[in-house]
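Residues per chain are reported as follows:
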Amino acid sequence: MTERAGVDRDFLASDDGLLRALGLLSREHAGGAPLDLPERLPEAGLGAGPVLDLLAPIVLGGAARLGHPSSFAHMDPPTPWIAWATTLWNASLNQNLLHPATAPAARELEDRVLAWLAPCFGMSGGHMTPGSTVANLTALWAARECAGVREVVASTSAHLSIGKAAHLLGLGFRQLPVDATGALLPDALPADLSRAALVLTAGTTGTGAIDPLDAAGRAAWTHVDAAWAGPLRLTRHAPRLAGIERADSVAVSAHKWLFQPKESALVLFRDNATASAAISFGGACLAVPNVGLLGSHGATAVPLLATLLAWGRTGLAARIEHCVDLADAFARFVHDDARLALLAEPQSGIVVWRPRQATAFEHVRQSLPPGSTSTTTLDGEPWFRNVAANPNADAGLLADAVRRAL
Ligand SMILES: *Cc1c(COP(=O)(O)O)cnc(C)c1O
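Described below are features of the structure shown in this document. (Residues numbered from 1 in each chain as written. Predicted model: local features only at pLDDT ≥ 70, side-chain atom pairs only at ≥ 80, totals over all residues. Heavy atoms only, no water.)

1. Some words on the nonpolar core
Alright, step 1. In this structure, Val-224, Val-250, Leu-304, Phe-330 and Trp-353 are the most contacted members of the largest nonpolar core, which totals 76 residues.
Alright, step 2. When residues of this core are sorted by domain, at least three fall in each of domain 1 (82-309) and domain 2 (312-405).
Alright, step 3. Ala-135, Val-149, Ala-165 and Leu-171 belong to the second-largest nonpolar core, a separate cluster that totals 24 residues. (Core = buried A, V, L, I, M, F, W, Y, C linked by side-chain atoms within 4.5 Å. Buried < 20%, exposed > 50% of the residue type's maximum accessible area, 1.4 Å probe, protein only. Domains from an automatic or database assignment.)

See below:
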């Protein structure tokens, strides 16, 4: 196993091995089946090189290609190479942000990313989480500690993580009605929100609707779930999220419209010092307080920082704005074809549509390129849903496929 006592070469980077791994990544692979793998834990190892060849068809050939021109279905973007290359650094270094000693610089890098992004939302700071599910739970935990809220109030279009958080935190959960596009009806807001955390969604998962954010500040605590549409704040579409700056907390998934590898998200607080103190635990072997839900966690700020440095705000904005344009172009196609119905003008790069003839739905669904379109159910009716998370998507290609299917 080792050539020199004390040095296990499997822990050292081998240029040949890494180049081979990268080469396999850029090649086409016929899909392999996970069933080709040994059924039982192998007694003897195959060695790293043969494992690459064994897994390439299964892992690479079996993956959805989110940067493919026909990929226009989900909130999951392709990742720029600078993001996954620095993620490889992270995986190799394996720093733990729980301990300053194991991540001397990485903690400061996270602080820097937060200092760049939090002000875009009117927030003073926050921390990274593995997703907005955890960011939403963290924010509502702070709401319970800081504002003594007893219930969570959100629209029926809110993400399921909101109901989950209320359940975990022992808070009531009240759901409010939405309009036909999926946005909270402002008239439905209860007059007394003095014991409530009001959750407004900026870009609902189903339709991309943006709740009336001018309601922010009307409750004991307002949390804006901007998991999807939050990054619009860095673009020329920032005014669509006007009012978000009056929230007490904001969640943004960086692995959605900030093009980051999973798991990457931000929880932001208007008064970060107070909120973070309320959700901190210390002691034992910890040199610094442990803020929030996570124990050991990695340096997810590094790829985000690298992406923001590589692109700058304008470079990031250009990608997101291009995605918005793709959604608008596809929505125009739907709008202009008499055989199709558009739910609403896209608010945040999500197009929801269907054939006017209900019987055509299933045929169209089966005719569309795999991975090009998702479906959602509104008021018991099936709709198609396209999400512009992929700057390399080709809206014309999809329009042609829909035309052919009709
Ligand atoms: C995706 C999403 C979430 C959950 O975020 P994850 O990053 O998947 O955990 C929460 N809210 C909304 C509106 C979302 O679209």
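2. Thoughts on the pattern of salt bridges
Alright, step 1. A full pass over the atoms with the stated rule returns 12 salt bridges.
Alright, step 2. Residue Asp-53 pairs with Arg-20 through a salt bridge whose shortest N-O separation is 2.7 Å. With a gap of 33 residues between them, Asp-53 in helix 2 (residues 48-60) and Arg-20 in helix 1 (residues 15-25) connect regions that are remote in the sequence.
Alright, step 3. By relative accessible area, which is 37% here, Arg-20 ends up partly exposed.
Alright, step 4. With a shortest N-O distance of 3.2 Å, Arg-354 and Glu-381 are connected by a salt bridge. Of this pair, Arg-354 sits in strand 11 (residues 350-355) while Glu-381 sits in strand 13 (residues 381-387), and the two are 27 residues apart along the sequence.
Alright, step 5. For Arg-354, a relative accessible area of 22% corresponds to the partly exposed category. (Salt bridge = Lys/Arg side-chain N within 4 Å of Asp/Glu carboxyl O. Helix = DSSP H or I, 4+ residues; strand = E, 2+ residues; numbered from the N terminus.)

3. Focus on the layout of surface pockets
A probe matching the size of a water molecule, rolled over the atoms, marks out where space remains unfilled.
Alright, step 1. Estimated volume of the largest pocket: approximately 1,800 Å³.
Alright, step 2. What lines the largest pocket is a set of 45 residues, among which Ala-21, Leu-22, Leu-25, Trp-84 and Leu-88 lie closest to the centre.
Alright, step 3. If you list the elements that add at least two residues to the lining of the largest pocket, you get helix 1, helix 2, helix 3 (81-93) and helix 9 (301-336).
Alright, step 4. No other element matches helix 2, which puts eight residues into the lining of the largest pocket.
Alright, step 5. Residue composition of the lining of the largest pocket, by class: 29 nonpolar, 11 polar and five charged. (1 Å grid on protein atoms, 1.4 Å probe; cavity = no way out; pocket = protein on both sides within 12 Å on 5 of 7 lines; lining within 4 Å. Points joined across faces, edges and corners; volume = space filled by probe spheres on them. Nonpolar A, V, L, I, M, F, W, Y, C, P; charged D, E, K, R; others polar.)

4. Describing the pairing of strand 1 (residues 125-129)
Alright, step 1. For strand 1, a buried count of five out of five residues is recorded, marking the element as mostly surrounded by other parts of the structure.
Alright, step 2. Of the strand pairs in this sheet, strand 1 and strand 7 (residues 265-269) are connected by five bridges, and their pairing is antiparallel. For Thr-129, the partnering residue across the bridge sits in strand 7 and is Ala-265. (Pairing = 2+ DSSP bridges.)

5. So, the environment of Thr-300
Alright, step 1. Positionally, Thr-300 belongs in the loop between strand 9 (290-291) and helix 9.
Alright, step 2. In this structure the C-alpha to C-alpha distance between Thr-300 and Ser-161, which are 139 residues apart in sequence, comes to 21 Å.
Alright, step 3. Excluding residues that lie within four positions of it along the chain, Thr-300 makes contacts with Asn-90, Met-128, Glu-263 and Ser-264. (Contact = heavy atoms within 4.5 Å.)

6. Comments concerning the site of the ligand
Alright, step 1. In the vicinity of the ligand there are 15 residues, among which Thr-133, Asp-225, Ser-253, His-255 and Lys-256 approach most closely.
Alright, step 2. Side-chain polar atom of Thr-205 to an oxygen atom of the ligand: 3.0 Å apart, as the coordinates give it.
Alright, step 3. Between an oxygen atom of the ligand and a side-chain N or O atom of His-255, the distance comes to 2.7 Å.
Alright, step 4. A total of 380 Å² of accessible area belongs to the ligand in isolation, and the protein chains cover 87% of it.
Alright, step 5. Elements that contribute at least two residues to the shell around the ligand include exactly helix 5 (132-147) and helix 7 (254-257).
Alright, step 6. Considering only residue class, the shell around the ligand consists of two nonpolar, 11 polar and two charged. (Near = heavy atom within 4 Å. Polar contact = N/O pair within 3.5 Å; in protein donor to acceptor, adjacent residues only side chain to side chain. Areas by Shrake-Rupley, 256 points an atom, 1.4 Å probe, with all protein chains shown as cover.)

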